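Working through the structure, step by step
The residues making up each chain are set out below.
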Amino acid sequence: MQGPLVWKSAATVLASLSLLLIALPIVFLLSSSSPATLWRTILEPEVTRSLVLTAASALAATTLGVILGTPLAFLLARQDFRGKELIQGIIDLPIVIPHPVAGIALLVVFSGFHPGVSPVGHWSGIVVAMFFVSSSLLINTVQEGFQAIPLQMEWTARSLGLSPAATFFRVSLPLVRTSLLAGGIMMWARSVSEFGSIVILVYHPRVASVLIYDRFSSYGLKAALPVAAILLWVSVVLFVMLRLTQRSKRGAHAGH
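Okay, so let's go over this structure. Since we're looking at a predicted model, the values are computed, not measured.

1. Observations concerning the overall build of the protein chain
Of regular secondary structure, the protein chain possesses 12 helices and 0 strands. Along the chain direction, N to C, the helices and strands of the protein chain fall in the order α-α-α-α-α-α-α-α-α-α-α-α. With respect to the three principal axes, the spread of C-alpha positions in the protein chain is 75 × 65 × 35 Å. Across the 256 residues of the protein chain, 36% fall into the buried class. Taken together, the 17 basic and 9 acidic charged side chains of the protein chain have centroids lying 8 Å from each other.

Structural data, given as structure tokens:
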């Protein structure tokens, strides 16, 4: 009995250290600024503009992800074809490549565009960068949602006279609405947190992550802390929303 007890104790200590390394920076940053300081920081015009720009750009990128990514997720979930694994790998690649590399890759693509069309240094470039680094989260989540739908439901709809498009919009798409919501939240949250690719492609106007970097490099830790804490609180709220959505999704599957 001593062996299992020693292992359990060692595992508990290692797990506690792991949790501590993750939780401690989060707790310290969340408690680093008082509510009054956070509120004053939010009301600063520069911070307000940056937060609105970040939220709006992330929403635009997520909307683009839903429009372009949902058909791709459906195709990957329902079709087998040559090169499918390659496409899946391309979709997942932005998650693992260093994000400054992503910014340089985007810069190489768009720097040759006409200044009036190029997203470099323009608000649209922020959306492009956010889409590039985060769309795989939405696509993969929605793909899993489509894969969970029994094919028989779609076949039944087709046998009743619905066209493939009508079956998609009236049967398949409503059944993945929870996956779409969860994927959308993850994509939005990942977009909000993006820094590496955006700072290369679009330094001005500054999203929240770039503003934090700018204040830290120019004025030090004290100046950057409140904005960083605000962004972390936004992430916490999004995390809670995602967990509630996932719980709702599990409850719906259990109901079926």
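2. Some thoughts on unusual backbone geometry
With omega at 0°, the peptide bond leading from H204 into P205 counts as cis. Inspection of the secondary structure assignment puts P205 in the loop between α10 (196-201) and α11 (208-219).

3. A look at α11
In an α-helix, one turn spans 3.6 residues, which is why side chains three or four residues apart end up on the same side. For α11, spanning 12 residues, the distance from its first C-alpha to its last is 16 Å, which sits close to the expected 16 Å at 1.5 Å a residue. Turning to α11, its buried residues number three or more, namely A208, S209, V210, L211, I212, D214 and R215. At the C-terminal side of α11, G220 shows a positive phi close to 100°.

4. Details of the packing of aromatic side chains
Enumeration according to the criterion identifies 5 aromatic pairs in this entry. Ring centres of F74 and F146 lie 5.0 Å apart, and the angle between their planes is 75°; this geometry places the pair in the edge-to-face category. With F74 in helix α3 (residues 45-78) and F146 in helix α6 (residues 123-147), this pair connects stretches of sequence that are 72 residues apart. Consider the rings of F195 and Y213, whose centres lie 5.2 Å apart with planes at 50°: the pair is tilted. Note that F195 is positioned in the loop between α9 (177-193) and α10 and Y213 in helix α11, a separation of 18 residues in sequence.

5. Section: the layout of surface pockets
Roughly 220 Å³ of volume is contained in the second largest pocket. Lining the second largest pocket we find F74, R78, Q79, L151, E154, W155, R158, P164, T167, F168 and S172. Across the lining of the second largest pocket, the residue classes break down as 5 nonpolar, 3 polar and 3 charged.

6. What to know about the pattern of salt bridges
Under the criterion given, the structure shown has 7 salt bridges. For R78, the salt bridge is made with E154, and the minimal N-O distance between the two is 3.0 Å. Here R78 is found in helix α3, whereas its partner E154 is found in helix α7 (residues 151-159), with 76 residues between them in sequence. A single burial state applies to R78 and to E154, both of which are buried. For R206, the salt bridge identified is with D214, shortest N-O distance 2.6 Å.

7. Notes on the side chain of R215
Mapped onto the fold, R215 is located in helix α11. Within the structure, R215 has its side chain in polar contact with the side chain of E46 (distance 3.0 Å). In this view, R215 contacts E44, E46, V47, G220, A223, A224 and V227; residues no more than four positions away in its chain are not counted.

8. Focus: the packing of α3 against α11
For any two helices packed against each other, one specifies the inter-axial angle together with the distance between the axes. It is at 8 Å that the axes of α3 and α11 come closest, and there the two elements cross at 145°. The residues of α11 that touch α3, namely those facing E46, V47, S50, L51 and T54, are A208, L211 and R215. Taken together, the residues of the contact of α3 with α11 break down into 4 nonpolar, 2 polar and 2 charged.

The rules behind the values
Residues numbered from 1 in each chain as written. Predicted model: local features only at pLDDT ≥ 70, side-chain atom pairs only at ≥ 80, totals over all residues. Heavy atoms only, no water. Helix = DSSP H or I, 4+ residues; strand = E, 2+ residues; numbered from the N terminus. Buried < 20%, exposed > 50% of the residue type's maximum accessible area, 1.4 Å probe, protein only. Lys, Arg positive; Asp, Glu negative; His and termini not counted. Charge placed at Lys NZ, Arg CZ, Asp CG, Glu CD. Expected span 1.5 Å × (residues − 1). Phe/Tyr/Trp six-rings, centres within 6.5 Å; stacked < 30°, edge-to-face > 60°. 1 Å grid on protein atoms, 1.4 Å probe; cavity = no way out; pocket = protein on both sides within 12 Å on 5 of 7 lines; lining within 4 Å. Points joined across faces, edges and corners; volume = space filled by probe spheres on them. Nonpolar A, V, L, I, M, F, W, Y, C, P; charged D, E, K, R; others polar. Salt bridge = Lys/Arg side-chain N within 4 Å of Asp/Glu carboxyl O. Polar contact = N/O pair within 3.5 Å; in protein donor to acceptor, adjacent residues only side chain to side chain. Contact = heavy atoms within 4.5 Å. Axes fitted to C-alpha atoms, helices over the stretch in contact; angles between N-to-C directions.

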